[in-house]
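Residue-level structural notes
Take a look at the letters that make up each chain.
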Amino acid sequence: SGSGKLAPLYTAAGLQGSISTVGFALLMSWVLGVTVSSGEFRHRTATLTYLGEPRRSRVLAAKAAAAAVVGAVFGAVGVILTIGVSLGFVAGHGYAVALAGTTIVRYAIGAVVGSALLAALGVALGSLIRAQLGAVVAVLLWGFFAESTLNNLVNAVGPYLPFTAATTLGGARLATGGFGFPNTSSASPLPFLAAAALLAAITLVVCALASRTAVAADVT
């Protein structure tokens with residue numbers, strides 16, 4: 001509607017802001033990944049898993065891949081809802097669609113890719129931290145508060161933060177967390193491929209760290 005400092009839906013900025021409100025879906029994908037791996041330690045099933053497959057790095061890779069697939073589904077559901085609701089209101093008001101179809105598709109693909117990568121990153125974090133409650137709380141605090149605070153304090157750092165990079169893949173503006181509130185950052189988001197590569201690199205680094213430390217440690 002253009003209220004609350006948000007651009008109206010008949011503008012490109014307003015429609016982009018509405019379609020890219022996928023932060024909660026991405027955050028839940030991150031939590032999913034954490035629970036996939038840390039749940040093994042909470043419920044004491046990790047021992048049986050490692051007896052069945054002694055190569056623990058392979059277990060970590062399999063969990064990351066499985067979580068990425070389900071995370072992609074989370075992202076797809078989230079973006080289908082936001083696009084559907086947004087375009088429904090645009091049509092209901094008789095507005096012209098202010099964004100090109102290719103742009104909307106790119107945001108949709110970005111949300112799915114970002115959600116999948118966050119889920120895989122969550123698996124690595126859950127394996128590294130092991131304490132499920134602590135890992136989930138840490139991810140939620142980071143997604144809801146830490147990154148937005150860092151974005152506001154040091155704008156130049158924002159594009160390189162993992163959750164922010166994931167949300168910008170889906171079209172969200174910096175410092176919004178993909179939750180739709182007004183943009184307060186003066187920096188520019190990373191290009192699509194650069195943001196995806198950054199998030200993938202962070203995921204691989206954390207997976208490698210978990211594989212060499214926590215995953216190899218005693219589970220009893």
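Anything mentioned here points back to the structure above.
Scope of this entry: the structure provided in the associated data block. (Residues numbered from 1 in each chain as written. Predicted model: local features only at pLDDT ≥ 70, side-chain atom pairs only at ≥ 80, totals over all residues. Heavy atoms only, no water.)

A count of helical and extended segments in the chain gives eight helices and zero strands. Of the regular secondary structure in the chain, the N- to C-terminal order runs α-α-α-α-α-α-α-α. Computed over C-alpha atoms, the radius of gyration of the chain comes to 18 Å, within 12% of the 17 Å expected from 2.2 N^0.38 for 220 residues, which places it in the range of a compact globule. Taking the principal axes of the C-alpha coordinates as reference, the chain spans close to 60 × 35 × 30 Å. Taking as baseline every contact in the chain between residues at least 6 positions apart, the subset at least 24 positions apart corresponds to 78%. Carbon together with sulfur atoms contributes 71% to the accessible area of the chain, which is approximately 10300 Å² in total. (Helix = DSSP H or I, 4+ residues; strand = E, 2+ residues; numbered from the N terminus. Rg over C-alpha atoms; globule rule 2.2 N^0.38 Å. Contact = heavy atoms within 4.5 Å. Areas by Shrake-Rupley, 256 points an atom, 1.4 Å probe, with all protein chains shown as cover.)

In this structure, the largest pocket encloses a volume near 350 Å³. Residue lining of the largest pocket: 23 residues in total, with Leu-6, Gly-14, Gly-17, Ser-18 and Gly-180 positioned closest to the centre. Taken together, the residues of the lining of the largest pocket sort by class into nine nonpolar, twelve polar and two charged. (1 Å grid on protein atoms, 1.4 Å probe; cavity = no way out; pocket = protein on both sides within 12 Å on 5 of 7 lines; lining within 4 Å. Points joined across faces, edges and corners; volume = space filled by probe spheres on them. Nonpolar A, V, L, I, M, F, W, Y, C, P; charged D, E, K, R; others polar.)

Let's shift gears to the nonpolar core. Grouped together as the largest cluster of nonpolar side chains are 40 residues, with contacts concentrated most on Ile-19, Trp-30, Leu-118 and Val-139. By residue number, the principal contributor to this core is helix α5 (residues 101–129), which donates 13 residues. Beyond its immediate chain neighbours, meaning those up to four positions away, Trp-30 contacts Leu-118, Ala-119, Leu-121, Gly-122, Leu-125, Val-139, Trp-142 and Phe-163. Counting five residues, the second largest nonpolar core, distinct from the first, contains Ala-165, Leu-190, Ala-195 and Ala-196. (Core = buried A, V, L, I, M, F, W, Y, C linked by side-chain atoms within 4.5 Å. Buried < 20%, exposed > 50% of the residue type's maximum accessible area, 1.4 Å probe, protein only.)

Glancing now at the environment of Leu-26. Among the structural elements, Leu-26 can be located in helix α2 (residues 23–42). Judged by relative accessible area, which is 0%, Leu-26 ranks as buried. Between the C-alpha atom of Leu-26 and that of Ile-80, which follows or precedes it by 54 residues, the distance is 13 Å. Beyond its immediate stretch of four places on either side in the chain, Leu-26 contacts Ala-111, Gly-114, Ser-115, Leu-118, Phe-163, Ala-166 and Thr-167.

Looking at the element boundaries, Ala-208 is found in helix α8 (residues 192–212). Taking C-alpha positions, Ala-208 is 44 Å from Leu-9, a pair spaced 199 residues apart along the chain.

Scanning the model with the defined rule gives five aromatic pairs in all. Here the aromatic rings of Phe-144 and Phe-145 are separated by 6.2 Å at their centres, their planes lie at 50 degrees, and the arrangement is tilted. When its relative accessible area of 35% is taken as the criterion, Phe-144 is described as partly exposed. Aromatic side chains Phe-163 and Phe-179 sit 6.2 Å apart centroid to centroid with 35 degrees between the ring planes, which places their arrangement in the tilted category. With a gap of 16 residues between them, Phe-163 in helix α7 (residues 162–169) and Phe-179 in the loop between α7 and α8 connect regions that are remote in the sequence. Phe-163 sits in the buried class, given a relative accessible area of 0%. The partly exposed category is assigned to Phe-179, whose relative accessible area is 25%. (Phe/Tyr/Trp six-rings, centres within 6.5 Å; stacked < 30°, edge-to-face > 60°.)

What follows is about the environment of Gly-110. One can find Gly-110 in helix α5. Note: C-alpha distance between Gly-110 and Thr-168 (58 residues apart in sequence) is 7.9 Å. Sequence-distant contacts of Gly-110, that is, excluding residues within four places in its chain, are made with Ala-166, Leu-169, Gly-170 and Phe-192.

Packing of α2 against α5 leaves a shortest axis separation of 7 Å and a crossing angle of 30 degrees. By the angle between their directions, the pair α2 and α5 is classed as roughly parallel. As α2 packs across α5, the resulting crossing turns out to be right-handed. Of α5, the residues touching α2 (which contributes Ala-25, Leu-26, Ser-29, Trp-30, Gly-33, Val-34, Val-36, Ser-37, Ser-38 and Phe-41) are Ala-111, Gly-114, Ser-115, Leu-118, Ala-119, Leu-121, Gly-122, Val-123, Leu-125, Gly-126 and Ser-127. Considering only residue class, the contact of α2 with α5 consists of twelve nonpolar, nine polar and no charged. (Axes fitted to C-alpha atoms, helices over the stretch in contact; angles between N-to-C directions. Parallel < 35°, antiparallel > 145°, perpendicular 65-115°, else oblique. Left-handed = near helix turned anticlockwise from the far one by under 90°.)

Keep in mind that these numbers describe shape and distance, not what the molecule does.
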